[in-house]
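Chain residues, written in single-letter form:
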Amino acid sequence: MRYPIPSKIVEITSATAVGHSIWLAPKEPWPSAPTPGQFAMVWLPRPPDGYKPEVCNTVPMSIAGWDNGKVRITIKNLGPTSKALLACQCGDWLGLTGPLGHGFSLDCQHPLLMGGGVGAPPLLYLAQTFAAQGIKPITLLGGTTENEIFHHDEFPGTVELATDDGSAGHHGRVTELLAESSPDRLYSCGPEPMLVNGLQWALRHQVAAELCLERYMACGIGLCGICSLDQDLVCQDGPVFSSERLADSREFGTLLREAGGRVRQLSD
Amino acid sequence: MANLRITLAGLDLDNPIMLASGILDSTPGILQRMAETGAGALITKSISLKPRPGYPGPTTVEIAPGTWINAMGLPNPGLEEFLNEFPLTTLSVPVIPNLVADTPDEFAKLAAGVAAAGAKIAEINLSCPHPKAAYGGSLTAQDPEAAAAVVAATTKHLPVIAKLTPNVADIGTVAVACARAGAAAISAINTLAALDVDPELERPLLGNGFGGLSGVAIRPIGLRKVLEIVQALNHANFDTPVIGMGGISSAEDVVRYLLCGAHSVQIGTSLTGDPEHMSAITRGLAEWMDRKGYRELADFRGRILEWFS
Ligand SMILES: Cc1cc2nc3c(=O)[nH]c(=O)nc-3n(C[C@H](O)[C@H](O)[C@H](O)COP(=O)(O)OP(=O)(O)OC[C@H]3O[C@@H](n4cnc5c(N)ncnc54)[C@H](O)[C@@H]3O)c2cc1C
Ligand SMILES: Cc1cc2nc3c(=O)[nH]c(=O)nc-3n(C[C@H](O)[C@H](O)[C@H](O)COP(=O)(O)O)c2cc1C
Ligand code: FES
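Residues numbered from 1 in each chain as written. Chains lettered and ligands numbered in written order. Predicted model: local features only at pLDDT ≥ 70, side-chain atom pairs only at ≥ 80, totals over all residues.

1. Here's the deal with the overall build of chain A
In terms of helices and strands, chain A carries four helices and 18 strands. For chain A, the C-alpha radius of gyration of 18 Å lies close to 18 Å, the compact-globule estimate for 268 residues. Residue burial in chain A is summarised as follows: out of 268 residues, 52% are buried. For chain A, restricting intrachain contacts to residue pairs at least 6 apart in sequence, the fraction spanning at least 24 positions comes to 60%. (Helix = DSSP H or I, 4+ residues; strand = E, 2+ residues; numbered from the N terminus. Rg over C-alpha atoms; globule rule 2.2 N^0.38 Å. Buried ≥ 20, exposed ≤ 12 C-beta atoms within 10 Å, placed from the backbone. Contact = placed C-beta atoms within 7 Å.)

So this is what it looks like as C-alpha cells:
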C-alpha cells in the first residue's frame, strides 16, 4: 500500500556545508531491500521547533543506503521543506512512502558513476551494492566546492572529484573527467544539464548509460501525471532512464514542469 | 462483435469508457499516452482561470487496498497556459476539458475560452466551494439553484456535463435542476468528503487535512447515486445521459454502472500506477457483451431499474 509509514530518525551522519544524511527506521519495515535509484516520498509531518506549519510537505528523495530495514536519505538544503528536514533531531518522526519507481540495472562489470549535487546519494547506494557483488566502481563527483560534495569519502572503489573553485580535485566540471574513461556503462544522477552532457558523451562513445532524473513530483506514485517526460512518468517509469530512451526525448534537457504543471524552459 | 460506440452531446465515442478528471491527465504527454490506451474520451484535470500550485503533501494516500484519500488542491497551470499547451482537437480521441471556478461568471469565462479553442463539450466540476457559502464546507452542487446557475451560464458557450458531488441528501433533485438548466449530461460521483488520521503521528494523513475518498470502497455508493439520478431524471421526463463513476476497476464494474442506467462511465483511481489497465477494461467489456450475446449497450443498460420501481 502506498502509505507514508511513520519512520523514526535514528542517526544523523555525513554533514557537509549544505546538508546531511539521516537513517530512518520505518515502523513497518519495507519487505525487501530497495533497488539503487529508487526513491521515497519523505513527509515532514510536524514543523521542528522554530519553524512554521507551512514547511510541512512531502518531497521526493533518493534512497542513499539500506541496512537491515533502516533507510538512509541524504538531504540538501534547497528550500523550505528540505531546510526544515535538516532541523529534525534523532527521535523525531517522518513519513516514508516507498520504495518508488524503477532503479538502476546492476549487470555491469566496469561501472562508471557520475554525480553532482543531490545526485551523489543514490550513487553511493549503487556503489555499495556493486561493492557487495565484488565489483569496484569508479566514481566522479562534482560540486561548487569540496565541502558541498556529499559522501565523497564513503564511496567504495576509486573516487575523483571536480570542483568549480578548485578546492579539491579537478578545477572545472565533473563531465570533463569523463574524457579518460571507457566503462561498460555510465550511471549518472544530478542536475539535468550535467545529465545532458553525460548523455552526449555516452552516445558519442557508444557507451550504454542510465540516467536518474530529478523532476518536480506531486504524488510520486503514478496517479496525477504531473511528472511526465514525454509520455513516460518519471515517478513510475523512471526516475532511471536508459540513454536510448532519453536520446529520443523531446522534453529531456529542455522542458521542466513546476507546481501545477506549469512549464519552465531549461536554460543552461 | 459487440458494438461499444456511443454519442455524447453529438460527439461520437468509440466506447463508453472515459478517463476521469484529475488522474493521469495533467500534462499533454500523459494525455497522449492515455489516448493510446483506447479510452473513449479523456477528461482533463480541472482547469481554473488562474494557475493553482496544489496543496502540500501528502496529497494522495492508499488507506486500504485500492481505496484512496486525496487532496491535490486542483493543481493546474490556469486557462491561458492550458490552452497554449494542451491538445484539445488533435488527439485520436476527444479531449473534454473539466472546468472549475467559484462563480457562474468565472465558469462562463472558462467555457468561452475552451469553446473558442475548439472544445466540443466541457465537464463542469460543481464540487467546488459555493460562492455564497455560509461556512467553508458547502459546495455549489449541494444547492440545486446554484448548480443550475452555473449550467445556464456555461451552456451558452458549449454543451456541458454537470459533475455532481455525492455529499448531498438528494442527488436526484440536483441532477434534475441541472438537466432543466440545459446540461447535456450529468456525471457522478466526485469523491466523498473524508478525513483520515495517522495514530502514530497523531495528525491528519493529508497535507490539507480534509480530503476526498475514491477507489474500490466507494463503488457501491456511486452505483446507488447513479441509480437515484437515473430514476429522478426519468421521473421528471428528461433523457439526459448519466455518466457513472466511482471505484471502477474492471470491466465487470463498468457493467454494474451500465446496469444501473449509466449511459457511459469514467475511471480514475484504479489506473494509479498502471495507465494501460484502461485497455484491459475496454477489451473486457466487449468480451463480456460477446459472452452474454449482447450486441448493443442498450441491450442491457438500466436492467437493474426494474428492481426499484
Ligand atoms: C527522484 C528524485 C530524487 C531526489 N533525491 C534527492 C535527494 O536524495 N536529496 C535531496 O536533498 N533532494 C533530492 N531531490 C530533490 C528534492 O525533492 C528537492 O530538494 C525538494 O523537493 C525541495 O523541496 P523544498 O520545499 O525544500 O524546496 P522548494 O522550494 O520546493 O524547491 C527548492 C529548489 O529545489 C527545486 N526542486 C523542487 N522540487 C524538486 C524536485 N522534485 N526535484 C528536483 N528539484 C526540485 C526547485 O526547482 C527549487 O530550485 C530529489 C528529487 C527527485 C525527483
Ligand atoms: C487524485 C484525484 C484527483 C482528482 N481531481 C479531480 C479534479 O481535478 N476534478 C474533478 O472533477 N474530479 C477530480 N477527482 C475525482 C475523480 O474524477 C472521480 O470523480 C472520483 O475519484 C471517483 O472515481 P474513481 O473512484 O474511479 O477515482 C479526482 C480524484 C482523485 C483520486
Ligand atoms: S508525480 Fe504524480 S504521476 Fe508522477
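2. Section: helix H7 (residues 251-259) of chain B
Where H7(B) is concerned, the buried positions are Asp253(B), Val254(B), Val255(B), Arg256(B), Tyr257(B) and Leu258(B). Directly after H7(B), the chain includes Gly261(B), whose backbone phi takes a positive value near 105°.

3. Observations regarding the interface of chain B and chain A
A common measure of how large an interface is: the accessible area buried when the components associate. Contacts between the two partners involve 34 residues from chain B and, on the opposite side, 33 residues from chain A. Looking at the side of chain B that touches chain A, the elements with two or more residues in it are helix H1 (28-35), strand S5 (60-64) and helix H2 (79-85) of chain B. Examining the composition of the side of chain B that touches chain A, we find that four residues originate from one element, H1(B), more than from any other. Looking at side-chain class alone, the side of chain B that touches chain A contains 13 nonpolar, 12 polar and nine charged residues. (Nonpolar A, V, L, I, M, F, W, Y, C, P; charged D, E, K, R; others polar.)

4. Observations regarding the confidence of the model for chain B
Per-residue confidence for chain B gives a mean pLDDT of 94; residues scoring 70 or more make up 97%. Among the scores for the predicted complex, ipTM is 0.93 and pTM is 0.95. (pLDDT = per-residue confidence, 0-100.)

5. Some thoughts on the site of ligand 2
By nearness alone, 28 residues border ligand 2, and Gly22(B), Ser46(B), Ser214(B), Gly268(B) and Thr269(B) come closest of all. Each of chains A and B places residues near ligand 2. Those elements giving two or more residues to the shell around ligand 2 turn out to be strand S4 (41-47), strand S6 (67-70) and strand S14 (211-215) of chain B. Across the shell around ligand 2, the residue classes break down as 10 nonpolar, 16 polar and two charged. (Near = placed C-beta within 6 Å.)

6. Focus on the site of ligand 1
Residue and element names in this part refer to chain A. The full set close to ligand 1 counts 21 residues, and Val59, Ser62, Gly79, Thr81 and Ser82 are the nearest of them. Counting only elements with at least two residues in the shell around ligand 1, the list comes to strand S4 (58-62), strand S6 (70-76) and helix H1 (80-86). Considering each element in turn, the shell around ligand 1 owes the most residues, four residues, to S4. Each of domain 1 (5-100) and domain 2 (111-265) gives at least three residues to the shell around ligand 1. (Domains from an automatic or database assignment.)

7. Some words on the nonpolar core
Among the nonpolar cores identified, the biggest contains 172 residues, and Leu42(B), Ala147(B), Ala162(B), Ala175(B), Cys178(B), Ala183(B) and Ile186(B) are the most heavily contacted of them. For Cys178(B), the residues in contact, after removing those within four places along its chain, are Ala147(B), Ala148(B), Val151(B), Ala162(B), Ala183(B) and Ile186(B). (Core = buried A, V, L, I, M, F, W, Y, C linked by C-beta atoms within 7 Å.)

8. Let's talk about the packing of H7(B) against helix H8 (residues 277-292) of chain B
For any two helices packed against each other, the geometry comes down to the angle between their axes and how far apart the axes lie. Residue and element names in this part refer to chain B. The contact between H7 and H8 brings their axes to 8 Å, and the two run at 65°. The crossing of H7 and H8 is right-handed. Contacts between H7 and H8 involve Ala251, Val254 and Val255 from the first element and Ile281, Gly284, Leu285 and Trp288 from the second. Here the residues of the contact of H7 with H8 are counted per class, giving six nonpolar, one polar and no charged. (Axes fitted to C-alpha atoms, helices over the stretch in contact; angles between N-to-C directions. Left-handed = near helix turned anticlockwise from the far one by under 90°.)

9. Some thoughts on the sheet that holds strand S1 (residues 5-16) of chain A
Residues and elements named next belong to chain A. Taken together, seven strands build an open sheet; the order of strands is S4-S3-S7-S1-S2-S6-S5 and the sheet is antiparallel. Unpaired on one side and paired on the other, S4 and strand S5 (65-67) mark the two borders of the sheet. With direction set aside, neighbouring strand axes in the sheet form an average angle of 40°. Taken together, the four bridges between S1 and strand S7 (residues 93-100) define a ladder with antiparallel strand orientation. (Pairing = 2+ DSSP bridges.)

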